[in-house]
Amino acid sequence: MDRYRSSIVDTLVIFIQQLINGLSLGSIYALIALGYTMVYGIVMLINFAHGDVLMVGAYTGFYILYALGPSPLALALAFLASMILCAVVGMTIERLAYRPLRSAPRLNSLITAIAVSLILQNGARVLPFVGPNPRQYPTMQTVNISVGPFSISNIQIVVLLVSVILMLILNYIITWTRTGKAMRAVSFDFKAASLMGISSNRIIAFTFALGSVLAAAGGILFATAYPQIDPTMGAMPGLKAFVAAVLGGIGSIPGAMLGGYILGVAETMTKGFISSQYADAISFSILIIILLVKPTGIMGQKVRVKV
Amino acid sequence: MNPKIRLRNFILLGSISVLFVVLPAVLISVGVIDGYTAQIFTLAGINAIMAISVNIISGITGQLSLGQAGFMAVGAYSCIWFSQVALMPLPVAVIAGGLLAAFIGFLIGFPTLKLSGDYLAIVTLGFGEILRVIFVNLKGITGGANGKRFTTILAARADIAWVVIIGILVMVVILLQNFLRSTYGRAIFSVREDEIAANSNGISVFRYKMTGFVIAAFVAGIGGAIYAPFIGFVKPDLSSFNRSVDYLIYVVLGGMGSITGSILAAFILTYLQEFLRFLQEYRLLFYPVILILVMLFRPQGLLGMKELSFTGLMDKLTAKRKPENG
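The rules behind the values
Residues numbered from 1 in each chain as written. Chains lettered and ligands numbered in written order. Predicted model: local features only at pLDDT ≥ 70, side-chain atom pairs only at ≥ 80, totals over all residues. pLDDT = per-residue confidence, 0-100. Helix = DSSP H or I, 4+ residues; strand = E, 2+ residues; numbered from the N terminus. Contact = placed C-beta atoms within 7 Å. Pairing = 2+ DSSP bridges. Nonpolar A, V, L, I, M, F, W, Y, C, P; charged D, E, K, R; others polar. Buried ≥ 20, exposed ≤ 12 C-beta atoms within 10 Å, placed from the backbone. Axes fitted to C-alpha atoms, helices over the stretch in contact; angles between N-to-C directions. Parallel < 35°, antiparallel > 145°, perpendicular 65-115°, else oblique. Left-handed = near helix turned anticlockwise from the far one by under 90°.

Caption draft 1: Fine view of the confidence of the model for chain B. All names here are of chain B. Confidence in the prediction for chain B averages 85 pLDDT; 97% of positions are at 70 or higher. Taken element by element, chain B is modelled with least confidence in helix 15 (residues 310-321), mean pLDDT 72, and with most confidence in helix 11 (residues 205-231), mean pLDDT 93. Throughout residues 322-326 the model reports pLDDT below 50, and contacts reaching past four residues in sequence, or to other chains, amount to 1 contact. Interface confidence in the predicted complex, given as ipTM, is 0.81; pTM for the same model is 0.87.

Caption draft 2: Representation of the pairing of strand 2 (residues 144-147) of chain A within the structure. Residues and elements named next belong to chain A. Of the strand pairs in this sheet, strand 2 and strand 3 (residues 150-153) are connected by 4 bridges, and their pairing is antiparallel. Of the residues in strand 3, the one forming a bridge with Asn144 is Ser153. Linking strand 2 to strand 3, which pair antiparallel, is a turn of 2 residues; within it Gly148 sits at a positive phi near 60°.

Caption draft 3: Main features of the interface of chain A and chain B. Each partner contributes to the interface: chain A provides 33 residues, whereas chain B provides 31 residues. Contributing elements (two or more residues each) for the side of chain A that touches chain B: helix 4 (106-126), helix 9 (235-248) and helix 11 (279-293) of chain A. Among the residues making up the side of chain A that touches chain B, the classes are represented as 24 nonpolar, 6 polar and 3 charged.

Caption draft 4: How the structure looks around unusual backbone geometry. Positive phi, normally seen in glycine, also occurs at Met44(A), with a value near 55°. In this fold, Met44(A) is placed in the loop between helix 1 (2-43) and helix 2 (50-68). In this model, Leu87(B) sits at a positive phi of 55°, which is unusual for a non-glycine residue. Examined against the element boundaries, Leu87(B) turns out to sit in the loop between helix 3 (68-84) and helix 4 (90-112). According to the C-beta neighbour criterion, Leu87(B) is exposed, with 8 such atoms within 10 Å.

Caption draft 5: Just the packing of helix 10 (residues 253-274) of chain A against helix 11 of chain A, in detail. Residues and elements named next belong to chain A. It is at 9 Å that the axes of helix 10 and helix 11 come closest, and there the two elements cross at 140°. In terms of their interaxial angle, helix 10 and helix 11 are classed as oblique. Here helix 10 and helix 11 pass one another in a crossing that is right-handed. In this structure, helix 10 contributes Leu263, Ala266, Glu267, Thr270 and Lys271 to the contact, and helix 11 contributes Ala279, Ile282, Ser283 and Ile286.

Caption draft 6: Local environment of the environment of Ser71(A). Mapped onto the secondary structure, Ser71(A) falls in the loop between helix 2 and helix 3 (72-98). Note: C-alpha distance between Ser71(A) and Met140(A) (69 residues apart in sequence) is 6.9 Å.

Caption draft 7: Representation of the environment of Phe127(B) within the structure. Residues and elements named next belong to chain B. You can see Phe127 is positioned in helix 5 (residues 117-137). Overall, Phe127 belongs to the buried group, with 26 C-beta atoms counted inside 10 Å. A C-alpha to C-alpha distance of 9.6 Å links Phe127 and Phe241, two positions 114 residues apart in sequence.

Dropping the structure here:
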């Protein structure tokens, strides 16, 4: 009886510990997923290059942290610099690759997005100061804070705090500012919004910039939590964040946040209870299942097709 | 069609196919073409088979798939298994590999083909990644992340490899052309052009999407099953997203929906990749930049939806001499 109870307690402890880890990972996914969902909501494009913008952000942070050492001030500076750089990168990609194809068939933009992603990845490999080899990310000393049987590291706290603050700021921008209102209008009806005097091009560029800023933050947080970076590091978290966006209902901002957390928790639970090998497969299985059961995602709006 | 013209076309195409299969093989075995070049072009043949597979589902049926390499890996691993464990002779194992890939395509197609556009692309992408993880973990059958060795005559003899692989490529093209001109083929085209119109004309959209998907999976399975004995080594990375993208690039550059375009693009790009080795890492940038330029300036690809036609070429040549018959 005692042994039975202790095994239940053990399971519960693992469960809650993995829940903590999952929330931390999930908040990174949520940040990245927001970029996907905002862009998709407005231009109906899966921005495959989003994961690689994350990589650009992580590398920018790397050089700043490398030069200044991993102090909190340097971390803040790294966030700021990589956000600005990624915003520029995101807007440039939109201007050069996606805008000329906006009226082309969807397939063409999708293939262009894949090509942009390859350019960023391979470009980083070729650049002499980046190179193809993985690098150790300079992070702060990990300090584990124990609360009863559970522990949470200072890095996890930073990840959770930064991402929640960023999501609150995003929520403020979208709900309360004029630009946010315009974003919602363009996403609701592109043509009608243009007719109402909203500059759609400006709003789309702004959306890309906003998404890339979040990706930059996500990149630094991801690299801080899993301190190894290489030019293809953005691919996996990018894909998973996209899964999170679809899971929550693509185009829906609260959906992307929810999807990110669900995916993060599902992944760490798989690591904790089944096998860490299958963690990659589980997120894609969730995607397939959700698309079969509810193709619009958890919070997505059903779109009726009229002939 | 006039039986005389039909016979002429049959002889013309038959002799061209035999020429493509036999002549380079003879040159290889004599030593005019060296082993390295032979290997590049034979690999291009496999790439062409894979490009055709992607073209069947994406260009002809109109459903973007980003997981075709997954079917290739299924074909490759199952060919090894059928040959080494079930002790089938290699040709049977290759076909069995293709059939298994087709069967998995059938199972996957059921739930996924109801989705459209981007969602289908993402699910097939996820499918390829799931397969990769499964292959890494099924260590008993696949040898895990280290891969599995498979030594056959195809890896040792360049001339035999050429005959077998280009022979399969020619077979695939012939069967596919006949299929596309049948009622089924035309139904598939109509699904691509306008699903709603096809549906209201009594064509079961789902059924024909499934037909296209299963055939594409079969061709990819054959491609993988012939890749394994030719390269002699298979790793789970075979089913990765990047590989699927490589094949998609051939199709996009050759022209979505053009079989000859895919073959042409596969051969040109495979050779180019070797040719550009002097650029070292920079050649990695070459593909995507070309891809974007094509999307911007010639979105329909090299050939668009047209096909290169030897009989058409012949018609043109003879029409000049005998205008009264045309």
